[in-house]
Amino acid sequence: MSRKPGDDVEAAALTAVLDGRWAELKREVRAQMAQETFLDPTELDIEAHRAQVLEQLRALARTDRPGLGYDPAHGGGGDVGGSLTSFEMLGFGDLSLMVKAGVQWGLFGGAVQLLGTERHHREYLRRITSGELLGCFAMTEHGHGSDVQHLRTTATFTDGGFVIDTPDESAVKEYIGNAARDGELAVVFAQLITGGESRGVHAFLVPIRVGGEPAPGVTITDCGRKAGLNGVDNGRLAFDGVRVGRAALLNRFADVAEDGTYSSPIESDNRRFFTMLGTLIRGRISVAGSAVNATKRALAVAVRYGERRRQFFTPDGDEVVLLDYRAHQRKLLPAIAKTYALHFAQERLVSTVHDLGTEPAEHDQRELESRAAGIKAVATWHATRTIQTAREACGGAGYLAENLLPALKADTDVFTTFEGDNTVLLQLVAKGLLTGYRDYFADLSTLATVRFAAEQLVETLLERTSARKVLDRLAGAADDEVLFDREWHLRLFEDREEHVLDGVARRLRKAAESGDAFAAFNDAQDHVLRTGRVHVDRLVLEAFAAAVDRCEDSAAAALLGRLCDLYALSDIEADRAWFLEHGRLTSGRAKAVTAAVNTLCAELRPYARVLVDGFAVPEQFLRAPMLES
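In this text the structure is predicted, and so the values were computed from the model without any measurement. (Residues numbered from 1 in each chain as written. Predicted model: local features only at pLDDT ≥ 70, side-chain atom pairs only at ≥ 80, totals over all residues. Heavy atoms only, no water.)

Orientation of helix 4 (residues 80-89) relative to helix 8 (residues 282-308), taken along the N-to-C sense of each, is 40°, at an axis distance of 8 Å. By the criterion of interaxial angle, the relationship of helix 4 to helix 8 is oblique. Relative to helix 8, helix 4 is oriented so that their crossing is right-handed. Between helix 4, through Val-80, Leu-84, Phe-87, Glu-88 and Met-89, and helix 8, the contact on the second element is made entirely by Arg-282, Ile-285, Ser-286, Gly-289, Ser-290 and Asn-293. The residue inventory of the contact of helix 4 with helix 8, partitioned by class, reads 5 nonpolar, 4 polar and 2 charged. (Axes fitted to C-alpha atoms, helices over the stretch in contact; angles between N-to-C directions. Helix = DSSP H or I, 4+ residues; strand = E, 2+ residues; numbered from the N terminus. Parallel < 35°, antiparallel > 145°, perpendicular 65-115°, else oblique. Left-handed = near helix turned anticlockwise from the far one by under 90°. Contact = heavy atoms within 4.5 Å. Nonpolar A, V, L, I, M, F, W, Y, C, P; charged D, E, K, R; others polar.)

Laid out in structure tokens, this is it:
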């Protein structure tokens, strides 16, 4: 794709494709952002930063966006996709605001909406939407983060209500957003005990402040300075005999009668637990989208700098622009391609959540949870790597706080381990693939996973597709014919996923014969994680390819097509060892893949600026001294 006069691609055409289904909402949010001054928190101390973020949260509450995802009967907009989209847009600015808003309206408000019933909606949702009632989402404990099922906080039913207790140090709620300074009410996840029997983890509404002071029996401590996100008041919560009424139980999936009798429409404890958690994936989805938007911001800064900065001379005496170096192009252009790919995968995920509504079928819900987990993991890891790459691409200037990148790097670092540790999330994806969403899908234990793999004939685990036939047909074709063939990319990704899944199922089936399910699964963890990763890679490529196909602007479609090629070939290049080991690539074709990546970087170099301008990052979030000198 050589650039020719008259063949220019307008950034607006790319933005139109990126904005997709909620384009109008995104335009409205950008217009509002353009009217506001971005207050860079770089020079603020913790207290001043927290105060600024709270003020911004109050301003956001005066718009109609915080309640977009809530029921219209309680002042909401009934637009789940629009709600997620508006949260993602906050990823362009101070990520402390995005996180605090996510805690208030996504986690706290979302739990009340999705785990509560009409009495909770009626009493709380309007006040949560308006910001009159600020709250927390108290799940994580000092001793249990990812393992929510074994939280140790207790809620014991007695005398017509519940008594909330922190039995030991490991049960202290930790890293709770909104807790250290502003929160008044918390959704507390605790082991429900009634009639002397534990019923598993449930959610309760517990006041943590009264008149600005800690409520009786509640101990609040401040987590203090963090590596980033210091505008969020993270704190620790401990409870000593805190009494709440029976109505404090968020009782959509279970209830306790006045006499202490427990009831639930879901008989299985495991199924009930995972159903409850499954309703709360919107926070995970918002984190993924915000990470992608923060990545866009970093790439826009790095490309602008790369077009300005010059270093070293050609034999003709001209000083070379950084972005004209192939090594510099290789740093940034494949990252841009993957960012576009993840954007389209995220967009497809948001649409799916919106269309399924609040009561999807079990199979759809589990597939949705798996996709949300996988995309969150891949998107946040990509953000961490890419923002670091952007920093390096800007040299020493990129290390100065005034030039935005250090704060982005610090603020997004924790994204890989909150709203689900990425390694755990990829295991969840792989377990979902292995269990095939069977009737006992809710029990994602090691034993259940290994037992299923052992019981099934591997040949029936996977339905063979035409992938191998296509790959075999193209094996002898010329490199130029194959490397830029979209069907070849898609079938290669599909075939890799099938082979890896087939392999891990065989491995677990054989290992399970030893009788030690944990050892079998633990020994295969590297294989399990690869299974999750290649599955997500295939979903992301399919989403990118679909976006190219629906692009109505021919010039933009051609550019996006080449960018999609770069995404696919960069992924193949990064995984050359596997493709060579498994006979999917010859050594000659593997070398040709690297040459093709270089060719695409050269072809796309003239379009680098329009590609990042297509992200439509509001200009006030791109102002850095190194871009003005």
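The next subject is the sheet that holds strand 10 (residues 235-239). Two pairing modes exist for strands in a sheet, parallel and antiparallel, and in both the strands are linked by backbone hydrogen bonds. Taken together, the 3 strands give an open sheet; going across it, the order is 4-10-9, and neighbouring strands pair in antiparallel fashion. Every interior strand has two partners, whereas the edge strands, strand 4 (173-176) and strand 9 (218-222), have only one. Averaged over all pairs of adjacent strands, the angle between their axes in this sheet comes to 25°, without regard to strand direction. In terms of strand pairing, strand 9 meets strand 10 through 5 bridges, oriented antiparallel. Looking at strand 10, one finds that Asp-222 is bridged to Gly-235. (Pairing = 2+ DSSP bridges.)

For the coordinates displayed, the defined rule picks out 5 cavities of 30 Å³ or more. Of the volumes computed, that of the largest cavity is approximately 210 Å³. Every element with two or more residues in the lining of the largest cavity is listed here: helix 1 (11-19), helix 2 (23-34), helix 4, helix 8 and helix 9 (326-356). Residues belonging to the lining of the largest cavity are distributed by class as follows: 7 nonpolar, 6 polar and 7 charged. (1 Å grid on protein atoms, 1.4 Å probe; cavity = no way out; pocket = protein on both sides within 12 Å on 5 of 7 lines; lining within 4 Å. Points joined across faces, edges and corners; volume = space filled by probe spheres on them.)

The next thing to look at is the packing of helix 8 against helix 10 (residues 362-393). For the pair helix 8 and helix 10, interaxial distance at closest approach is 8 Å and the crossing angle is 20°. In terms of orientation, helix 8 lies roughly parallel with respect to helix 10. The crossing of helix 8 and helix 10 is left-handed. Contacts between helix 8 and helix 10 pair Arg-284, Ile-285, Val-287, Ala-288, Ala-291, Val-292, Ala-294, Thr-295, Ala-298, Leu-299, Ala-302 and Tyr-305 from the former with Ala-372, Ala-373, Ile-375, Lys-376, Ala-379, Thr-380, His-382, Ala-383, Thr-386, Ile-387, Ala-390 and Ala-393 from the latter. For the contact of helix 8 with helix 10, the class distribution of residues is 18 nonpolar, 4 polar and 2 charged.

A word on the packing of aromatic side chains. Applying the stated rule across the entire model yields 9 aromatic pairs. Relative to Phe-274, the ring of Phe-273 lies with its centre 5.0 Å away and its plane at 80°, an arrangement referred to as edge-to-face. Owing to a relative accessible area of 17%, Phe-274 belongs among the buried residues under this scheme. Ring geometry for Phe-415 against Phe-418: centres 5.3 Å apart, planes inclined by 15°, an arrangement best described as stacked. Phe-415 sits in the buried class, given a relative accessible area of 1%. An aromatic cluster of three or more residues is present, and its members are Tyr-340, Phe-344, Phe-544 and Phe-615. One cation-aromatic arrangement involves Arg-496 over Phe-493; the distance from NZ or CZ to the ring centre is 4.8 Å. Taking NZ or CZ as reference, Arg-562 lies 4.5 Å from the ring centre of Phe-484, over its face. (Phe/Tyr/Trp six-rings, centres within 6.5 Å; stacked < 30°, edge-to-face > 60°. Buried < 20%, exposed > 50% of the residue type's maximum accessible area, 1.4 Å probe, protein only. Lys NZ or Arg CZ within 6 Å of the ring centre and 35° of its normal.)

The next thing to look at is the pattern of salt bridges. Considering all chains together, one arrives at 38 salt bridges under this definition. Two residues, Arg-30 and Asp-19, come together in a salt bridge whose shortest N-O distance is 2.8 Å. Linking Arg-30 in helix 2 with Asp-19 in helix 1, this pair joins segments that are 11 residues apart in sequence. The buried category is assigned to Arg-30, whose relative accessible area is 15%. For Arg-21, the salt bridge is made with Asp-355, and the minimal N-O distance between the two is 2.8 Å. One end of the pair, Arg-21, is in the loop between helix 1 and helix 2; the other, Asp-355, is in helix 9, and 334 residues separate them in sequence. Given the relative accessible area of 46%, Arg-21 is considered partly exposed. Several salt bridges converge on common partners, so that one network encompasses Arg-496, Arg-530, Arg-533, Asp-537, Asp-571 and Asp-575. (Salt bridge = Lys/Arg side-chain N within 4 Å of Asp/Glu carboxyl O.)

Two faces belong to every sheet, and in a regular strand the side chains alternate between them. Counted residue by residue, strand 10 has 4 buried out of 5 residues, so it is predominantly covered. Relative to strand 10, strand 4 runs antiparallel, the two being bridged by 2 bridges. The residue bridging Ile-176 from the neighbouring strand is Gly-235, located in strand 10.

Across the protein chain, pLDDT averages 90, with 91% of residues at or above 70. With pLDDT under 50 throughout, residues 1-6 is counted as low confidence; its partners more than four residues away or in other chains account for 10 contacts. (pLDDT = per-residue confidence, 0-100.)

The next subject is the nonpolar core. Counting residues in each nonpolar core, the largest one holds 157 residues, and the members touching the most others are Phe-189, Tyr-340, Phe-415 and Phe-544. Beyond its immediate chain neighbours, meaning those up to four positions away, Tyr-340 contacts Leu-14, Leu-18, Phe-544, Leu-560, Leu-563, Leu-611, Gly-614 and Phe-615. Core analysis: the next-biggest nonpolar cluster, separate from the first, contains 27 residues, Ile-164, Ile-176, Ala-179 and Ala-215 among them. (Core = buried A, V, L, I, M, F, W, Y, C linked by side-chain atoms within 4.5 Å.)

The next subject is the layout of surface pockets. The calculated volume of the second largest pocket comes to roughly 650 Å³. For the second largest pocket, the lining is made up of 22 residues, of which Lys-338, Arg-385, Ser-570, Asp-571 and Ala-574 are closest to its centre. Elements with a minimum of two residues in the lining of the second largest pocket: helix 9, helix 10, helix 19 (525-550) and helix 20 (554-574). Taken together, the residues that form the lining of the second largest pocket break down as 7 nonpolar, 4 polar and 11 charged.

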